[in-house]
Number of protein chains: 2
Amino acid sequence: MLLRMSTLFVRTLREDPADAEVASHRLLVRAGYIRRAAPGIYTWLPLGLRVLGKVEAVVREEMAAAGAQEVHFPALLPREPYEATGRWTEYGPNIFRLKDRKGNDYLLAPTHEEMFTLLVKDLYSSYKDLPLTIFQIQTKYRDEARPRAGLIRGREFVMKDAYSFDVDDAGLDASYDAQRQAYQRVFDRLGLEYVIVAATSGAMGGSRSEEFLTPTAIGEDTFVRSAGGYAANVEAVTTVVPDALPYDDAPAAHVEDTPDTPTIDSLVALANERFARPDRAWTAADTLKNVVLALVHPTGERELVVVGLPGDREVDLKRFEAAVAPAEVEAAGDADFAAHPELVRGYIGPAVLGPNAPVADGAERTAVRYLLDPRVVPGTRWITGANVPGRHVFDLVAGRDFTADGTVEAAEVRAGDPAPDGSGPLELARGIEIGHIFALGRKYAQALGLTVLDQNGKAQVVTMGSYGIGVTRVLAALAEAHHDEKGLAWPAHVAPAHVHVVATGKDAAVFTAAEDIARALADRGVEVLYDDRPKVSPGVKFADAELFGVPLVVVVGRGLADGVVEVRPRVGGESVQVPVADVVDEVAARVSALLTGSANAQA
Amino acid sequence: MLLRMSTLFVRTLREDPADAEVASHRLLVRAGYIRRAAPGIYTWLPLGLRVLGKVEAVVREEMAAAGAQEVHFPALLPREPYEATGRWTEYGPNIFRLKDRKGNDYLLAPTHEEMFTLLVKDLYSSYKDLPLTIFQIQTKYRDEARPRAGLIRGREFVMKDAYSFDVDDAGLDASYDAQRQAYQRVFDRLGLEYVIVAATSGAMGGSRSEEFLTPTAIGEDTFVRSAGGYAANVEAVTTVVPDALPYDDAPAAHVEDTPDTPTIDSLVALANERFARPDRAWTAADTLKNVVLALVHPTGERELVVVGLPGDREVDLKRFEAAVAPAEVEAAGDADFAAHPELVRGYIGPAVLGPNAPVADGAERTAVRYLLDPRVVPGTRWITGANVPGRHVFDLVAGRDFTADGTVEAAEVRAGDPAPDGSGPLELARGIEIGHIFALGRKYAQALGLTVLDQNGKAQVVTMGSYGIGVTRVLAALAEAHHDEKGLAWPAHVAPAHVHVVATGKDAAVFTAAEDIARALADRGVEVLYDDRPKVSPGVKFADAELFGVPLVVVVGRGLADGVVEVRPRVGGESVQVPVADVVDEVAARVSALLTGSANAQA
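Let me sum up the structure you'll find in this document. (Residues numbered from 1 in each chain as written. Chains lettered and ligands numbered in written order. Predicted model: local features only at pLDDT ≥ 70, side-chain atom pairs only at ≥ 80, totals over all residues. Heavy atoms only, no water.)

**So, the overall build of chain A**
Step number 1: Looking only at helices and strands, chain A features 14 helices and 32 strands.
Step number 2: Overall, the C-alpha framework of chain A stretches about 100 × 70 × 50 Å when taken along its three principal axes.
Step number 3: Surface exposure of chain A reaches about 24,000 Å², of which carbon and sulfur atoms provide 51%.
Step number 4: Charge separation in chain A, taken as the distance between the mean sites of 62 positive and 85 negative side-chain charges, equals 6 Å. (Helix = DSSP H or I, 4+ residues; strand = E, 2+ residues; numbered from the N terminus. Areas by Shrake-Rupley, 256 points an atom, 1.4 Å probe, with all protein chains shown as cover. Lys, Arg positive; Asp, Glu negative; His and termini not counted. Charge placed at Lys NZ, Arg CZ, Asp CG, Glu CD.)

Okay, structure coming up:
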């Protein structure tokens, strides 16, 4: 393959695009790989499309090696199957909906569980047909509230989605593991570092779920890991619940005047000043903070809830949202407080919340739902709001003086928190989600009536898994992992070409020699990008080569008079002068080494 | 490649699907290549996807060979560019429109002229950057009023669309010809008979346009050709206009009572009975029929028009619609006639139409627009309606007694009509449109401001071409051209496999031998579909093989005891017994011959 810069449809930019926050976005646009067509929607130019094709090819090969068969579904789908599983509503504003000319409802599919389930139902009927794993590489749509970071969170993107179908749980486990291993091979081959973390299933449903994250500071997902091998995204971290404490000897709760203490800090300061205890000072961890939030349910219904948690922790909205999915979370506003005058801002306490709120005889309960952090176990004692301005209650004992409608994993996870599996303290890191695998179980098969007859002729609901790789996002993650301040720096197996031949100067002999080298390399199966532009300065050509990120650069220029050309890797490694006669062999050997020796180990 | 029927995700059907009208639809569904997901929207199963991939590969290779570079645009596009060219409105109900969560308008692109134009404007600025041809193979959307015939007229489909950009007309001609030749190579390689016909540009605009049609009785496009080499779709046929006739000696027009003659036939019969002329009988061709139709303009405005044409011809609505595009055509209804009392059904004549209608002093003209068939040249004499029930006017002379607002190509084209280029009488045939090429000219570049600086530093509006191949429709056309009553019969280069190995019976030795043959062929690079199902009868296996349409079938069964297996082509050619030891060589040689010798000549 030989691409010529003189005719290649590309234009590089020296300036960063105004809307680009991250390196992959900035450099993919500047190097002419992609162009923005609308927010979160991109056009692929020839160089970008080549890289995308290579990423897809690796995914496709590993899916085939894992026994998955390729199919292809429409992106434009009728409402009915998504209605049957409840997702037409659950997706809320996150999917694109439309009507056809007859007024029928359609959606642009964000994921295809329903359609795969119905197709298997259409084709198969016996346990003998299973196990089955089928996949597609396909354009998907999500109407993200905040499309950002270029390809990392787009509204039209390419995904590989696979679905497994088994007759029993052991089969699902095997199918899940086969996909999990295929994912490891995909990311290893792509040279993309990754961490596998426990995840929540969210709107997808199901029993077991793991994410593949590639660690990077610009990642929008936070995950935790322990030295002992635990790893999870923050949404999936479960709090290590302390034992309940005896409270028979605890003093009775007592309300105190605490003027001007609407914040935890002001309250703690006042408590230490006015209600000092002998053994140790009060800290924020002794206070029970009650945070008012609004849930927006998929039906559109808005519900106020209060989360009670130790005052030294914030509510992590992503954790809370994962816990209450498919509801979305919003801040509570003035109208909410106006509708609930019992909620005294800065002084909210359990006495007016959930099961603790007094109910007039014969009246319906109107108190807002109250959810507690799992750390607030029976016997723990708290300073918390007394529901009147300027007053707090002390020694309020959980389980004795108040209770709740349930617990919720909403508190932030902090470095040093214990891993739930006892494997030591957690450390926090950030990453980009590049894959997500779900043991869905029978939710979709049940909703859509997918059964097969077992050995005894009895109908069994099929159990399913669902496995996604964000193909365009993987490409962006590769760009994040492989670039420097000058531009992209692709691993050889995904680069748009293996070698970038640059002819410099105006000497016709240089262009003839460069052309010969480029052709000879292409004839040897090397993918060559040849900068044959006659009137472009060496500086511009070198800057373009650095932006493009082809792994090997061959410069044909002044050295030619001495019979040498320069061979230099895009990153690392030394620039060397190679005799013209040897350069094709030398470069072909280097390319071969790059392509075979590039498997990366897992992080 | 080795696909095993025991695990292949497929199920064949013995019955035709209820909604299938044509062979390709029927057989692609029955053979498990595709499944309907919604009207005009299909899912691709593994065998179908393999064929689709092969068709795409041929298209891609020939585009590359013609110097076109591949890009990929989104399918979900913002309204603005389509607004700028007027097509947001012009497409009327034929495109899918939607809003995102912020209320912005989007469409699912039916074709991408606007986006390609804007991308070139974004990247290029000099005549030196041109010529350029770029293409994509991409999913397109049209909200067809009547999706039909499976893949032939779908609402989500795959298209190859290419666009050329040139600085001058000579460049556009060269780019157009390069694509035209690439299309010929594509269809030749695919073994698809085709005819290139002159076409109208319709809503696309532009100066020159040709369609590639594959002739088939089930085609929805009618085209004409002459022995002398003229070919056009009926919309593009222009009428051979007779010379004007002298009318100085013509008698004056005279109105006659013609009771009960609301039809042409009744009028002609009465004319011959009551107003017989000496030289020859009156025929329908002597009457001027005035047909009332409604145009619906893209703006939604409805306009009544009357088409006047010789009474022996019907209005061809597709021709009329092409002539008045982007307006759509509807029948006139009672409300229309009520609004225009001057239109007396069955007796409409020119006197109340267009420029002939009397206008009261100072009043605005309210008569409906009157368009004439080009055959109604000055001096022709007609019997036509006198605008009162039961009366017609005779000897009404065009140009003397009436005129019109213009001419229109709305009359049906008939076999035997003269070709416009004088190359003899036309014959009519039907076909499926598989490609369409347009010399667009400057319409889109003008609307979207795409200019480049020429040698003199002067801005020049770029001239463009647009070139489409309906990839999924090509696949359906191949199935139409290559099937028999038993099933599909693919040419080797697009078949989902080259060889279908069938193991019959229950003898383990048969399965061992068949497996060895299948593997040995796969090792030689032959694509093998192996029916290894242990408990399926030979009859079912043979029926499936006939449905699938793999070009060579190898049957391993009873003959194995005598050391032979059967090799038979799917269609034509004889079944032969081949010694087991020779079968791999024999079959590999036959596959190679099929793959190399299959170029088809143009029709």
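**Concerning empty space enclosed by the protein**
All names here are of chain A.
Step number 1: In the structure shown here, the tally under the stated rule is one cavity of 30 Å³ or more.
Step number 2: Lining the largest cavity are 13 residues, with Val237, Thr238, Thr239, Arg375 and Asp417 positioned closest to its centre.
Step number 3: When its residues are assigned to classes, the lining of the largest cavity shows six nonpolar, two polar and five charged. (1 Å grid on protein atoms, 1.4 Å probe; cavity = no way out; pocket = protein on both sides within 12 Å on 5 of 7 lines; lining within 4 Å. Points joined across faces, edges and corners; volume = space filled by probe spheres on them. Nonpolar A, V, L, I, M, F, W, Y, C, P; charged D, E, K, R; others polar.)

**A word on the interface of chain B and chain A**
Step number 1: Chain B puts 50 residues into the contact, and the matching count from chain A is 50 residues.
Step number 2: The largest contributions to the chain B side of the interface with chain A come from Phe9(B), Arg101(B) and Leu123(B), which together make up 19% of the buried area.
Step number 3: The shortest N-O distance in the salt bridge between Asp122(A) and Arg11(B) comes to 3.7 Å.
Step number 4: Top element by residues in the side of chain B that touches chain A is helix 5 (residues 113–123) of chain B. It accounts for five residues.
Step number 5: When the residues that make up the side of chain B that touches chain A are grouped by side-chain class, the tally is 32 nonpolar, five polar and 13 charged. (Contact = heavy atoms within 4.5 Å. Buried area = accessible area lost by both parts, 1.4 Å probe. Salt bridge = Lys/Arg side-chain N within 4 Å of Asp/Glu carboxyl O.)

**Points about helix 8 (residues 317–324) of chain A**
Residue and element names in this part refer to chain A.
Step number 1: Among all positions of helix 8, only Arg319, Phe320 and Val324 are buried. Looking straight down helix 8, one finds that the buried residues subtend no more than 125° of arc, so they occupy a single side.
Step number 2: Packed against the buried residues of helix 8 are strand 15 (288–296), strand 16 (302–310), strand 17 (328–331) and strand 18 (369–372).
Step number 3: At the N-terminal boundary of helix 8, the capping side chain belongs to aspartate 316, with an oxygen 2.9 Å from the backbone nitrogen of lysine 318. (Buried < 20%, exposed > 50% of the residue type's maximum accessible area, 1.4 Å probe, protein only. Arc of directions from axis to C-beta. Polar contact = N/O pair within 3.5 Å; in protein donor to acceptor, adjacent residues only side chain to side chain.)

**Details of the pairing of strand 11 (residues 208–215) of chain A**
Residues and elements named next belong to chain A.
Step number 1: Counting buried residues along strand 11, six of its eight residues qualify, which places the element largely inside the surrounding structure.
Step number 2: Judged from the four bridges that link them, strand 10 (residues 195–198) and strand 11 form a sheet pairing that is antiparallel. Each bridged residue has a counterpart across the sheet, and for valine 197 the counterpart in strand 11 is glutamate 211.
Step number 3: Here eight bridges tie strand 11 to strand 22 (residues 426–441), and the two strands are oriented antiparallel to one another. What sits directly across from glutamate 210, in strand 22, is isoleucine 437. (Pairing = 2+ DSSP bridges.)

**Some words on the relation of the copies chain B and chain A**
Step number 1: Screw-axis analysis of chain B against chain A gives a translation of 0.1 Å along the axis, an RMSD of 0.2 Å, and a rotation angle of 180°. Put plainly, the chains are arranged around a two-fold axis. Rotation axis and chain B: the residue whose C-alpha lies nearest the axis is Leu98(B), separated from it by 2.6 Å.
Step number 2: Taken together, the interface assignments show that 100% of the residues at the interface of chain B recur at the interface of chain A, consistent with an identical surface on both copies. (Least-squares fit on C-alpha atoms with pLDDT ≥ 70 in both.)

**Re the packing of helix 1 (residues 23–30) of chain A against helix 11 (residues 471–481) of chain A**
All names here are of chain A.
Step number 1: With their axes 8 Å apart at the nearest point, helix 1 and helix 11 run at an angle of 95° to one another. Comparing the axis directions of helix 1 and helix 11 gives the class roughly perpendicular. Between helix 1 and helix 11, the contacting residues are Ala23, Ser24 and Leu28 on the first element and Leu475, Ala476, Ala479 and Glu480 on the second.
Step number 2: Looking at side-chain class alone, the contact of helix 1 with helix 11 contains five nonpolar, one polar and one charged residues. (Axes fitted to C-alpha atoms, helices over the stretch in contact; angles between N-to-C directions. Parallel < 35°, antiparallel > 145°, perpendicular 65-115°, else oblique.)

**Describing the pattern of salt bridges**
All names here are of chain A.
Step number 1: One pass over the full model with this rule turns up 107 salt bridges over all chains.
Step number 2: The residue aspartate 544 makes a salt bridge to arginine 14 at a minimum N-O spacing of 2.8 Å. Taken together, the residues span a long stretch of sequence, with aspartate 544 in helix 13 (residues 538–548) and arginine 14 in the loop between strand 1 (2–4) and helix 1 at a distance of 530 residues.
Step number 3: The partner of glutamate 546 in a salt bridge is lysine 486, with the nearest N and O atoms 3.8 Å apart. One end of the pair, glutamate 546, is in helix 13; the other, lysine 486, is in the loop between strand 26 (483–484) and strand 27 (487–488), and 60 residues separate them in sequence.
Step number 4: What makes glutamate 546 partly exposed here is its relative accessible area of 25%.
Step number 5: A cluster of three or more residues bridged by salt bridges with shared partners is formed by Glu21, Glu144, Arg148, Arg153 and Glu220.

**Points about helix 7 (residues 264–274) of chain B**
Residue and element names in this part refer to chain B.
Step number 1: Here helix 7 has its buried residues at Leu267, Val268, Leu270 and Ala271. Taken down its axis, helix 7 places every buried residue within 165° of arc, on the same side. Within helix 7, the exposed residues directed more than 90 degrees away from the buried face are Asp265 and Glu273.
Step number 2: Those residues of helix 7 that are buried lie in contact with strand 14 (254–257), strand 19 (381–385) and strand 20 (391–397).

**Here we look at the sheet that holds strand 28 (residues 499–503) of chain B**
All names here are of chain B.
Step number 1: Pairing is mixed across the open sheet formed by six strands, whose spatial order is 1-29-28-30-31-32. Bordering the open sheet on either side are strand 1 (2–4) and strand 32 (576–579), each of which pairs with just one other strand. Geometrically, the sheet is characterised by an average inter-axis angle of 25° between neighbouring strands, direction not taken into account.
Step number 2: Pairing of strand 28 with strand 30 (residues 552–556) involves five bridges; the strand directions are parallel. Its bridge partner lying in strand 30, histidine 500 is registered against valine 553.
Step number 3: On top of the sheet, helix 14 (residues 580–596) reaches strand 28, strand 30, strand 31 (564–569) and strand 32; it is set at about 125° to strand 32, its chief contact.

**Some details on the environment of Glu90(B)**
Step number 1: With respect to the secondary-structure elements, Glu90(B) resides in helix 4 (residues 87–90).
Step number 2: C-alpha of Glu90(B) to C-alpha of Arg274(B): the two residues are 184 residues apart in sequence and 50 Å apart in space.

**Some details on the environment of Ala284(A)**
Residues and elements named next belong to chain A.
Step number 1: As for its position among the elements, alanine 284 is in the loop between helix 7 (264–274) and strand 15.
Step number 2: C-alpha of alanine 284 to C-alpha of proline 310: the two residues are 26 residues apart in sequence and 7.3 Å apart in space.
Step number 3: Apart from residues no more than four positions distant in its own chain, alanine 284 is found in contact with Ile264, Val268, Pro310, Gly311 and Asp312.

**Description of the sheet that holds strand 18 (residues 369–372) of chain B**
Residues and elements named next belong to chain B.
Step number 1: Spatial strand order, 17-15-16-18-21: five strands in an open sheet with mixed pairing. Looking at which strands have only one partner, the edges of the open sheet turn out to be strand 17 (328–331) and strand 21 (406–407).
Step number 2: Here strand 15 (residues 288–296) pairs with strand 17 via four bridges, running antiparallel. Following the sheet pairing, leucine 295 is matched in strand 17 by valine 329.
Step number 3: Lying on the sheet, helix 8 (residues 317–324) is in contact with strand 15, strand 16 (302–310), strand 17 and strand 18; it crosses strand 17 at an angle near 135°.

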